[in-house]
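Remarks on the overall topology
Residues per chain, in single letters:
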Amino acid sequence: MASERQWGVTQPFNNDPPTPRDLKINDALVAELKAQNNFPPQSDTDNREAVLARLKKLLRQMVQSVGKKKGLPQGILDVAGGEVFTYGSYRLGVYGPNSDVDTLLVAPKHVTRDDFFDIMPDLLRQSTGPAEITELVPVRDISVPIIKLCIQGVDIDLIFASLQQSSIPEKMDLSDDNLLRGLDETDRRCVNGTRVTNRILDLVPQSRIFRYALRAVKLWAQRRAIYGNIVGFPGGVAYAILVARVCQLYPKAAAPLIVQKFFFIMKRWNWPRPVFLQHKEETSLQLREWDPVAYRGDAAHLMPILTPAIPSTNTAHTICKSTKIVMMAELQRGEDLATDIYMNSKPWSTLFTRHQFFTEAYKHYICVNTAARTKDAQDKWSGLVQSKIKWLVTGIENSGAKSVELVHPYNKGFDRVHECNSEEEMTKAKDGSLDYQAKDIKTQTTDQAADVKMQLAAQSAMDGVEMTATNGEDAPADQHGADGQSQWPQKVYTTTYYLGIGLVKGAKDLDISLPVRNFSGDCTGWAGYDADLHSICIKHIRNFDLPADVFVDGEIRPTRPKKKAKATTNGVDNASNKRSFQVAGIDVREDRDSKLAEAA
C-alpha cells in the first residue's frame, strides 16, 4: 500500500477523519457563515464569470490591434493569444457578495504596459452601454499599475503583465518560474499574485475544507479589526497561508477543527520562526527573496508568513511589537471561544462579535487628522498618511516612552465632509472639529467609501513607491467672486485615523514628541505635499470624547468619569497633567481633556 502524501514541510499532527460531532459542528459553522451573508448568490458568480469572459475578448482584441500597428506578420498574430487570470479572494474561492475580482491580463511581449493604459480604457468604454460602467479609474504611477472599474455591477481590479513570449496560449500555466525571466519588477509583482494564490490551492489537502475555514478566519479578523497589512496586521494572503498550514497539519479534518487549531497553533507558534507551506525551492533566477541571514531588515520581522512561489516574500512584514501583542490577545480569545463552541455547544456567532476598540479597549487615543480642500487631493493625501501610520506606531514603541505599553492602530479611517463659511471654520475643521460637518453627507469608513486613489496611494506607498506629485491638477477651483472676495461655503475633506494608547498602570505623563514630530515631517515631506491644499493635525482625545460616528447601533459609548474631590493626585495637578500631552507634541483640547492620572 502506497504511503499517504505528506502535505507541507512536516508530518501531520493528526490524520483522523472527522467524527459525526465534527460534521454537526461543521454544519453549524456553514449555517452561521450563510447567516452572516458570507457567500454570494449564484447569480453574482455567473455575472462575474460573464465579465471575465468579456475582458478576455477585449484583451485579445487589444493584442491584435497593437500587433497590427507595430507591423507584426499575420502568422504571429494568429497565435498571439492573451489570457485572463484571477487571484486573491476570488481565485481562492472565499469571496463575498460585495467582493471585487482581482484580475490579471497577460499579453505577449509586443504589448507594453503603456499600450494597456492607452488602449484598454477606450476599449472598455466602446464595448459597453452608458450604464454598464459606473467607474473607470486608470492609475499608472504606483507599484502595481491598475485600472479600477465597475462593470455590470462587478468591481474589478485590473492589472497587466507582458511576458517575454510571442504568444500566450489558452489556459497557460503561470507556475513555471522561467516565465519570470526578463520581467521587470512591476511585471513580476503583477504575475506573482496569481502564482501565489494558485500555489496555495495546490498545497492544501482539501480545498473545500480550506475555503470554509478561511472564510471563518477572515470574518473573525475583520470583525475584530485585525485585518489589513497597511496598518500592521495580516492581510488576506497572510491569513490564507496560515490557514493552509493548519490544513496541512490536519489533512483530513473538518473546517471547525481547522479553525480551532488555527487559534491554538498560531498563538503558540515560535515567532519569529517563519510560517511556510513548502521547502525553499532552488532557482537560477537572481531574485531577492526573504532571507533573515542576508538581509538585516528581514531578520527584524516579528511574524514572517512566507509566500510559496518564487520569489518568496514575507506577507506580514508590517507587523510591529504592538500589533503582535494585539494579535496574540485576539488569538487567545479566539481559542477560548472555539473551545467553548466545541465543548459547550456555544454558537459560532460568539466568535464573530464586533471588536471593542472604541467602547472598552482604551481610555486614551491619538487622532491623526488629514485634510484637503478637494476630494481628489484628499484621497491621495490620506492614503499616503495611512501607509505611514505604522511608522508612527514603531516610532512611539522605540522612543523610550516608558508610559506606553502598546499603540494599537484602528484598521480603517473615517471620511468626513465639512462645509465652512470662513477661514476660521476651515482651520477648525482641518484640526479635527466636527462642528461644521455637512449634515447631508454621512461619515464613511475608508472601506465603505472605497476611495480608489486613497487605497492605491496607501498600498503603493507601503510598497515603497509613492504616487507622484500632481502638478496642481488636484488644486481647488477658484473660489473667489468678481470682487475678489472668497465665496462661501467651501468644503473641506478629512480622514481621521485613530490609535488606541495602552498606558502602563500608574502612568502620569507621556513624552512622544519626537516620534510625533518625525511622523508629521515624514508625511509633509511627500513631493506632492502642498501646504495650501493639504494639512495634518495630530491630537490626543479621551474615550468619552470620541465622536458618535465611530460607534455602531447598540454600542455603549464611554462616559466621562466623575471628578475627584482633590485637585491634585500624588502632587501632580490638572495643569501639569494637561501639559504632559502638550509636551508630547500632541494638541490638547482645553475644554475637554482630563488629567492623565485618571487613566490609572
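Residues numbered from 1 in each chain as written. Predicted model: local features only at pLDDT ≥ 70, side-chain atom pairs only at ≥ 80, totals over all residues. Heavy atoms only, no water.

With an unreviewed UniProt entry as reference, the chain is termed Poly(A) polymerase, source organism Recurvomyces mirabilis. Heading Catalytic activity (unreviewed entry) of the UniProt record for the chain holds this comment: "RNA(n) + ATP = RNA(n)-3'-adenine ribonucleotide + diphosphate". Database annotation for the chain, UniProt heading Sequence similarities (unreviewed entry): "Belongs to the poly(A) polymerase family." (UniProt positions renumbered as here; feature names shortened; annotations may be inferred.)

Right, let's talk about the pattern of salt bridges for a bit. Per the stated rule, a full pass over the model turns up 26 salt bridges. D122 is the salt-bridge partner of R125, the closest N and O atoms lying 3.2 Å from each other. Of this pair, R125 and D122 both sit in helix α5 (residues 113-126), three residues apart, roughly one helical turn. Given a relative accessible area of 38%, D122 falls into the partly exposed group. In this structure, the salt-bridge partner of D522 is K388, at a minimum N-O distance of 3.6 Å. (Salt bridge = Lys/Arg side-chain N within 4 Å of Asp/Glu carboxyl O. Helix = DSSP H or I, 4+ residues; strand = E, 2+ residues; numbered from the N terminus. Buried < 20%, exposed > 50% of the residue type's maximum accessible area, 1.4 Å probe, protein only.)

A few words on the packing of aromatic side chains. With the rule as written, the count across this model stands at 25 aromatic pairs. With a centroid separation of 5.0 Å and 75 degrees between ring planes, the pair formed by F116 and F117 is classed as edge-to-face. Taken together, a centroid distance of 5.3 Å and an interplanar angle of 45 degrees make the contact between W381 and Y529 tilted. You can see W381 sitting in helix α13 (residues 375-397) and its partner Y529 sitting in the loop between α17 (513-524) and β11 (534-542), a full 148 residues away along the chain. For W381, a relative accessible area of 0% translates into the label buried. When its relative accessible area of 26% is taken as the criterion, Y529 is described as partly exposed. (Phe/Tyr/Trp six-rings, centres within 6.5 Å; stacked < 30°, edge-to-face > 60°.)

For the rest of this paragraph, the subject is the nonpolar core. Among the nonpolar cores identified, the biggest contains 79 residues, and F210, W220, Y239, F262, M266 and F358 are the most heavily contacted of them. Of all the elements in the fold, those that place two or more residues in this core are α1 (20-35), α6 (185-202), α7 (207-223), α8 (236-249), α9 (255-268), α11 (321-344), α12 (357-361) and β6 (364-372). Discounting residues that sit within four places of it in the chain, F262 has contacts with V217, W220, Y239, L242, V243, V246 and L331. In terms of nonpolar packing, the next biggest core, distinct from the first, is built from 31 residues, M62, V63, V66 and L158 among them. (Core = buried A, V, L, I, M, F, W, Y, C linked by side-chain atoms within 4.5 Å. Contact = heavy atoms within 4.5 Å.)

What follows is about the sheet that holds strand β2 (residues 101-107). Reading across from one edge, β1-β2-β5-β4-β3 is the order of the five strands in this open sheet, with mixed pairing throughout. The strands lining the two open edges of the sheet, one partner per strand, are β1 (83-87) and β3 (133-139). Between one strand axis and the next, the sheet turns by 25 degrees as a mean value, whatever way the strands run. As defined by bridge partners, strand β4 (residues 146-151) adjoins strand β5 (residues 154-162) across five bridges and the pair is classed as antiparallel. Counterpart to I147 in the pairing with β5 is L158. Sheet strands in contact with α5 are β2, β3, β4 and β5, and its direction is about 170 degrees off that of β3. (Pairing = 2+ DSSP bridges. Axes fitted to C-alpha atoms, helices over the stretch in contact; angles between N-to-C directions.)

So, about α1. The end-to-end C-alpha distance of α1 is 23 Å, a good match for the 22 Å that 16 residues give at a rise of 1.5 Å each. Taken residue by residue, α1 has D22, I25, N26, L29, V30, E32 and L33 as its buried positions. Around the axis of α1, the buried residues are gathered within 160 degrees of arc, so they sit on the same side. Opposite the packed face of α1, turned more than 90 degrees from it, sit the exposed residues P20, K24, D27, K34 and A35. The inward-facing, buried residues of α1 abut α7, α9 and α11. Positive phi shows up at N37, right after α1, with a value of about 60 degrees. (Expected span 1.5 Å × (residues − 1). Arc of directions from axis to C-beta.)

Attention now moves to α13. With 23 residues, α13 should reach 33 Å at 1.5 Å per residue; the first-to-last C-alpha distance of 33 Å fits that figure. Along α13, the sharpest change in direction is near 35 degrees and occurs at K388. For α13, the buried fraction is high: 19 of the 23 residues fall into the buried class. Between a side-chain oxygen at the N-terminus of α13 and the backbone nitrogen of A377 the separation is 3.1 Å; the capping residue is T374. (Bend = angle between axes of the 7 residues up to and from the residue. Polar contact = N/O pair within 3.5 Å; in protein donor to acceptor, adjacent residues only side chain to side chain.)

Another aspect to go through is the pairing of β4. Counting buried positions along β4 yields six of six residues, so the element is predominantly enclosed. Burial of β4 is two-sided: the residues I146, K148 and C150 facing one way and the residues I147, L149 and I151 facing the other way are all buried. Counting the residues in the hairpin turn of β3 and β4 gives six residues.

Right, let's talk about the packing of α13 against α17 for a bit. Between α13 and α17, the least distance of the axes is 9 Å, while the angle of their chain directions is 155 degrees. With respect to their mutual orientation, α13 and α17 come out roughly antiparallel. Classified by chirality, the crossing of α17 by α13 is right-handed. Along the contact surface, α13 presents W381, L384, V385, K388, I389, L392, G395 and I396, while α17 presents P515, V516, F519, D522, C523 and T524. Of the residues assigned to the contact of α13 with α17, the class counts are ten nonpolar, two polar and two charged. (Parallel < 35°, antiparallel > 145°, perpendicular 65-115°, else oblique. Left-handed = near helix turned anticlockwise from the far one by under 90°. Nonpolar A, V, L, I, M, F, W, Y, C, P; charged D, E, K, R; others polar.)

Here we come to the UniProt feature "binding site: ATP" (unreviewed entry) in the chain. The sites that carry the UniProt feature "binding site: ATP" (unreviewed entry) are, in the present numbering, D100, V101, D102, D157, K218, Y227, G236 and V237. Along the chain, D100 turns up in the loop between α4 (88-92) and β2. Those residues within four positions of D100 in sequence are excluded, and the remaining contacts are S89, K148, D155 and D157. Tracing the backbone shows V101 in strand β2. The exposure class of V101 is buried, given its relative accessible area of 0%. If we ignore the near neighbours within four places in the chain, the residues touching V101 are R48, L52, T86, Y90, V154, D155, I156 and D157.

The subject of this paragraph is the environment of S535. Relative to the helices and strands, S535 resides in strand β11. The spacing of S535 and N369 is 166 residues in sequence and 8.2 Å in space, taken between C-alpha atoms. Setting aside residues no more than four positions away along its own chain, S535 makes contact with N369, T370, A371, W381, K430 and Y529.

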